[in-house]
Amino acid sequence: MKTLNLVIEGMPGAGKTSLLNMISKNNPAFVCHQEIYLPNIESISNDLERESKYLDAEIEKLKHLKNGEVNIFDRNFISTLAYSFAIEKIDPTKNGLFNEIKNLCYQKISDGSMLLPDVCYILLINPELSMERRSQYANDNNYSIWFNKDFLNAFYQFYKNTEFGFILNDKVKVVYSETTELEQNYKDILNTIYEYRI
């Protein structure tokens, strides 16, 4: 069967992890990859170094992919780009960070160590709903940036930005979803997988 690498991207609180868990539970033949978690990552103060750690972890994960699999990822390097884009928009001292991360991604894609997904399924919800759906973390300092409305607005706009499409190029099928209905997103992803593999 045709190999498929699909990444679920989008806003925090949009339902990416819940969607991945539903896919994993009901489709044991698919290989589902949870979001990368790096303990103590916030102790790294240099932005480029910190975000590079996520890219390195993704490269390590990609080494274990096998031909013929359906691989579904909860985020990939696109989230690293979205983060650097948004943080630069709200903090003038971060000017240039997005281009540094973007160039690093281009380099790693060009040398084959990092892969463009075949499909990018983007869950978009507005910043207000994003914060509402994660309200249990509102007073946790570790999540403070994710409750900054200006940051979330910029994060949202990244996925609407023309440069986002340029990064992925026309080889990647991009599917947008603005529904929070888990069942509907599940059905849509299965249909997308079926259409890609036939």
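Reference entry: report on the structure contained in this document. None of the values given here were measured: they were computed from a predicted structure. In this convention, every chain numbers its residues from 1, walking through the sequence in written order. The predicted nature of this model means local features are confined to residues of pLDDT at least 70 and side-chain atom pairs, given and counted, to a pLDDT of 80 or more, with totals for whole chains, interfaces and linings taken over all residues. Note: side-chain values were computed over all heavy atoms of the structure, leaving out hydrogens and water.

What to know about empty space enclosed by the protein
Part 1 of the reasoning: Cavity: a set of points on a 1 Å grid over the protein atoms alone where a 1.4 Å probe fits but cannot get out. Pocket: an open set with protein on both sides within 12 Å along at least five of seven lines, its lining residues, like those of a cavity, having an atom within 4 Å of a point. Grid points are joined across faces, edges and corners, and a volume is the space filled by probe spheres set on the points. The full count for this structure, using the stated rule, is two cavities of 30 Å³ or more.
Part 2 of the reasoning: Roughly 80 Å³ of volume is contained in the largest cavity.
Part 3 of the reasoning: Around the largest cavity, the lining residues are Asn5, Val7, Glu58, Leu62, Phe73, Asn76, Leu115, Leu116 and Pro117.
Part 4 of the reasoning: If you list the elements that add at least two residues to the lining of the largest cavity, you get β1 (4-10) and α2 (47-62).
Part 5 of the reasoning: Its residues assigned to classes, the lining of the largest cavity shows six nonpolar, two polar and one charged.
Part 6 of the reasoning: Forming the walls of the second largest cavity are Ile36, Glu58, Lys61, Phe73, Arg75 and Asn76.
Part 7 of the reasoning: Any residue outside Ala, Val, Leu, Ile, Met, Phe, Trp, Tyr, Cys, Pro, Asp, Glu, Lys and Arg is labelled polar, Gly included; the first ten of those are nonpolar and the last four are charged. Residues belonging to the lining of the second largest cavity are distributed by class as follows: two nonpolar, one polar and three charged. Secondary structure elements follow DSSP: runs of H or I of four or more residues count as helices, runs of E of two or more count as strands, with numbering from the N terminus.

Things to note about the environment of Val31
Part 1 of the reasoning: Turning to its location among the elements, Val31 is positioned in strand β2 (residues 31-33).
Part 2 of the reasoning: Burial classes follow relative accessibility: with a 1.4 Å probe on protein chains only, a residue under 20% of its type's maximum area counts as buried, one over 50% as exposed, and anything between as partly exposed. According to the relative accessible area criterion, Val31 is partly exposed, its value standing at 25%.
Part 3 of the reasoning: Through-space distance from the C-alpha of Val31 to that of Glu69 is 7.0 Å; in sequence the pair is 38 residues apart.
Part 4 of the reasoning: Residue contacts for Val31: discarding those within four places in its chain leaves Glu69, Val70, Asn71 and Ile72. Any two residues whose heavy atoms approach within 4.5 Å are treated as being in contact.

So, helix α1 (residues 16-26)
Part 1 of the reasoning: Looking at α1, one finds that the buried residues are Lys16, Leu19, Leu20, Met22 and Ile23. For α1, the arc enclosing every buried residue in end-on projection is 160 degrees, short of the 170-degree limit, so these residues lie on one face. Along the arc lie the directions from the helix axis toward the C-beta atoms.

What to know about the nonpolar core
Part 1 of the reasoning: Counting residues in hydrophobic clusters, the biggest one holds 55 residues, and the most contacted among them are Leu6, Ile8, Ile72, Ile78, Phe158 and Tyr159.
Part 2 of the reasoning: Top element by residues in this core is helix α3 (residues 77-90). It accounts for eight residues.
Part 3 of the reasoning: Ile78 has contacts with Val7, Glu9, Pro117, Cys120, Phe158, Tyr159, Phe164 and Leu168, leaving out every residue within four places of it along the chain. To qualify as a nonpolar core, a set must consist of buried Ala, Val, Leu, Ile, Met, Phe, Trp, Tyr and Cys residues joined through side-chain atoms within 4.5 Å.

Overview of the side chain of Asn71
Part 1 of the reasoning: Mapped onto the elements, Asn71 comes out in strand β3 (residues 70-74).
Part 2 of the reasoning: The definition of a polar contact used here is a pair of N or O atoms within 3.5 Å, where within protein one atom must be able to donate a hydrogen and the other to accept one, and adjacent residues in sequence count solely through side-chain atom pairs. A polar contact of 3.0 Å, which involves the side chain of Asn71, links it to the side chain of His33.

Thoughts on the packing of aromatic side chains
Part 1 of the reasoning: Only the six-membered ring of Trp is used, alongside the rings of Phe and Tyr, when aromatic pairs are assigned; centres must lie within 6.5 Å, and planes under 30 degrees apart are stacked while those over 60 apart are edge-to-face, with the rest tilted. Overall, the coordinates contain eleven aromatic pairs when judged by the stated rule.
Part 2 of the reasoning: Centroid distance Phe85 to Phe98: 5.4 Å. Interplanar angle 80 degrees. Geometry classified as edge-to-face. Taken together, the residues span a long stretch of sequence, with Phe85 in helix α3 and Phe98 in helix α4 (residues 97-110) at a distance of 13 residues. Each member of the pair Phe85 and Phe98 is classed as buried.
Part 3 of the reasoning: A ring pair is formed by Phe155 and Tyr159, whose centres lie 5.8 Å apart and whose planes are at 70 degrees; its orientation type is edge-to-face. Taken together, the residues span about one helical turn, with Phe155 and Tyr159 both in helix α6 (residues 149-160) at a distance of four residues.
Part 4 of the reasoning: Taking relative accessible area as the criterion, Phe155 reaches 0% and is therefore assigned buried.
Part 5 of the reasoning: Judged by its relative accessible area of 0%, Tyr159 is buried.
Part 6 of the reasoning: Here the aromatic residues Tyr83, Phe85, Phe98, Trp146, Phe151, Phe155, Phe158 and Tyr159 are joined through ring pairs into a cluster of three or more.
Part 7 of the reasoning: If you follow Arg134 out to its NZ or CZ, it ends over the ring of Phe147, 4.6 Å from the centre.
Part 8 of the reasoning: A positively charged side chain is recorded as over a ring if its NZ (Lys) or CZ (Arg) lies within 6 Å of the ring centre. The angle to the ring normal must also be within 35 degrees. Positioned above the aromatic ring of Tyr176, the side-chain terminus of Lys160 is 5.2 Å from the ring centre.

Describing the sheet that holds strand β5 (residues 173-177)
Part 1 of the reasoning: Only strands joined by at least two bridges in the DSSP assignment are considered to pair. Reading across the sheet, the five strands line up as β2-β3-β1-β4-β5 and stay open at both edges, with parallel pairing between neighbours. Lying at the two open borders of the sheet, with one neighbouring strand each, are β2 and β5. Pairs of neighbouring strands in the sheet enclose a mean axial angle of 20 degrees, with direction left out of account.
Part 2 of the reasoning: The pairing of β1 with β3 spans five bridges and is classified as parallel. Counterpart to Asn5 in the pairing with β3 is Asn71.
Part 3 of the reasoning: Axis definition: a line fitted to C-alpha atoms, over the contacting stretch in the case of helices. Angles run 0 to 180 degrees between N-to-C directions. Relative to the sheet, helix α8 (residues 182-197) contacts β1, β3, β4 (119-123) and β5, its axis offset from that of β4 by approximately 165 degrees.

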